[in-house]
Amino acid sequence: MAFGVSLLMPAVPAAAHNQLTGSSPREGARVAEAPERVELRFLARLDEDTTKVTVTGPDNVDAAGGQPRFSGNRVSVPFTPGAAGLYIVGYRLVSADGHPITGEVRFTLTTDTPADPTPEPTAADPTDPGTAESTPAPTTPTVVSPVPRSDESSGGGWLWAAVAVLLLLAVLAAARLIRRRAARRG
């Protein structure tokens, strides 16, 4: 009897966990032409408030070209390619049941992208006191975080309602089975 009831009860924690279902570029891809965007696809809808995406390139250089865009179970980030090499798309999100999910997708850009046309630095004239060489200020990579939107709900309520209905059906089926057995014996 316990076996029959256990078949009727769903695996609640596993059903509530979100997971990556695909990406573009795909995991382990070797691409010669840099994509305009990096996209991640998940099993369930993403919460913009709790989903974080980072894109880093060779030498841990930030390669995210802007804020992520969300569409249901997908998130895409503009891609700013640099040197050829390994790029890592890291993600962290929170599932409907509150468990954090982290992971990464790795792909390799096989060709360098053309460098930005920047003017050649001019040498300072040592006889002119008004000119001095300057070094560019160091830059620090920024973490890409989504812009919160309050007009969308998480959509997890229907899942809990379905679990409650299935659990109720399992209890009713078990009670009916127990009554039948008791009636046969009695």
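For the structure, see preceding data.
What you see is a predicted model; the values in this text were computed from it and never measured. (Residues numbered from 1 in each chain as written. Predicted model: local features only at pLDDT ≥ 70, side-chain atom pairs only at ≥ 80, totals over all residues. Heavy atoms only, no water.)

A. Representation of the environment of glutamate 33 within the structure. Note on placement: glutamate 33 falls in the loop between strand S2 (30-31) and strand S3 (37-42). The spacing of glutamate 33 and threonine 110 is 77 residues in sequence and 7.9 Å in space, taken between C-alpha atoms. (Helix = DSSP H or I, 4+ residues; strand = E, 2+ residues; numbered from the N terminus.)

B. Structural view of the pairing of strand S7 (residues 85-94). Of the strand pairs in this sheet, strand S4 (residues 52-56) and S7 are connected by five bridges, and their pairing is antiparallel. Bridge pairing in S7 places lysine 52 opposite arginine 92. One ladder, built from ten bridges, connects S7 with strand S8 (residues 100-109); its direction is antiparallel. Among the inter-strand pairings, isoleucine 88 is bridged to a residue of S8, identified as arginine 106. The turn joining S7 and S8, which pair antiparallel and follow one another in sequence, is formed by five residues; a positive phi near 95 degrees is taken by glycine 98. (Pairing = 2+ DSSP bridges.)

C. Region of interest: the nonpolar core. Core analysis: the largest hydrophobic core is formed by 22 residues, its most contacted members being Leu40, Phe42, Val55, Val75, Phe79, Val89 and Phe107. Mapped onto this core, the elements with two or more residues apiece are S3, S4, strand S6 (74-78), S7 and S8. The residues touching valine 55, leaving out its near neighbours within four places in the chain, are Val61, Asp62, Ala63, Ala64, Val77, Phe79, Ile88 and Val89. (Core = buried A, V, L, I, M, F, W, Y, C linked by side-chain atoms within 4.5 Å. Buried < 20%, exposed > 50% of the residue type's maximum accessible area, 1.4 Å probe, protein only. Contact = heavy atoms within 4.5 Å.)

D. A look at a nonpolar patch on the surface. Side chains of Leu166, Leu168, Leu169 and Leu172 sit close together on the surface and give an oily, nonpolar patch of about 380 Å² of accessible area. For leucine 166, the location among the structural elements is in helix H3 (residues 157-185). Accessibility expressed as a relative area gives 37% for leucine 166, which makes it partly exposed. (Patch = residues over 30% accessible without salt bridge, like charges linked within 9 Å, V, L, I, M, F, W, Y side chains within 5 Å. Areas by Shrake-Rupley, 256 points an atom, 1.4 Å probe, with all protein chains shown as cover. Salt bridge = Lys/Arg side-chain N within 4 Å of Asp/Glu carboxyl O.)

E. Just the sheet that holds S6, in detail. One open sheet holds the four strands; their spatial order is S1-S3-S6-S5, and the pairing between them is antiparallel. For this open sheet the edge positions go to strand S1 (20-24) and strand S5 (69-71), each flanked by a neighbour on one side alone. Between one strand axis and the next, the sheet turns by 15 degrees as a mean value, whatever way the strands run. The pairing of S1 with S3 spans four bridges and is classified as antiparallel. (Axes fitted to C-alpha atoms, helices over the stretch in contact; angles between N-to-C directions.)

F. Representation of the sheet that holds S8 in the model. The strand order across the open sheet formed by four strands is S2-S8-S7-S4, and the pairing between neighbours is mixed. One side of each edge strand has no neighbouring strand; the edge strands of this open sheet are S2 and S4.

G. Seen up close, the environment of glycine 103. If you trace the backbone, glycine 103 turns up in strand S8. For glycine 103, a relative accessible area of 25% puts it in the partly exposed group. Expressed as a C-alpha distance, the spacing of glycine 103 and glycine 90, which sit 13 residues apart in the sequence, is 5.9 Å. In this structure glycine 103 touches Val89, Gly90 and Tyr91, once residues within four positions along its chain are discounted.

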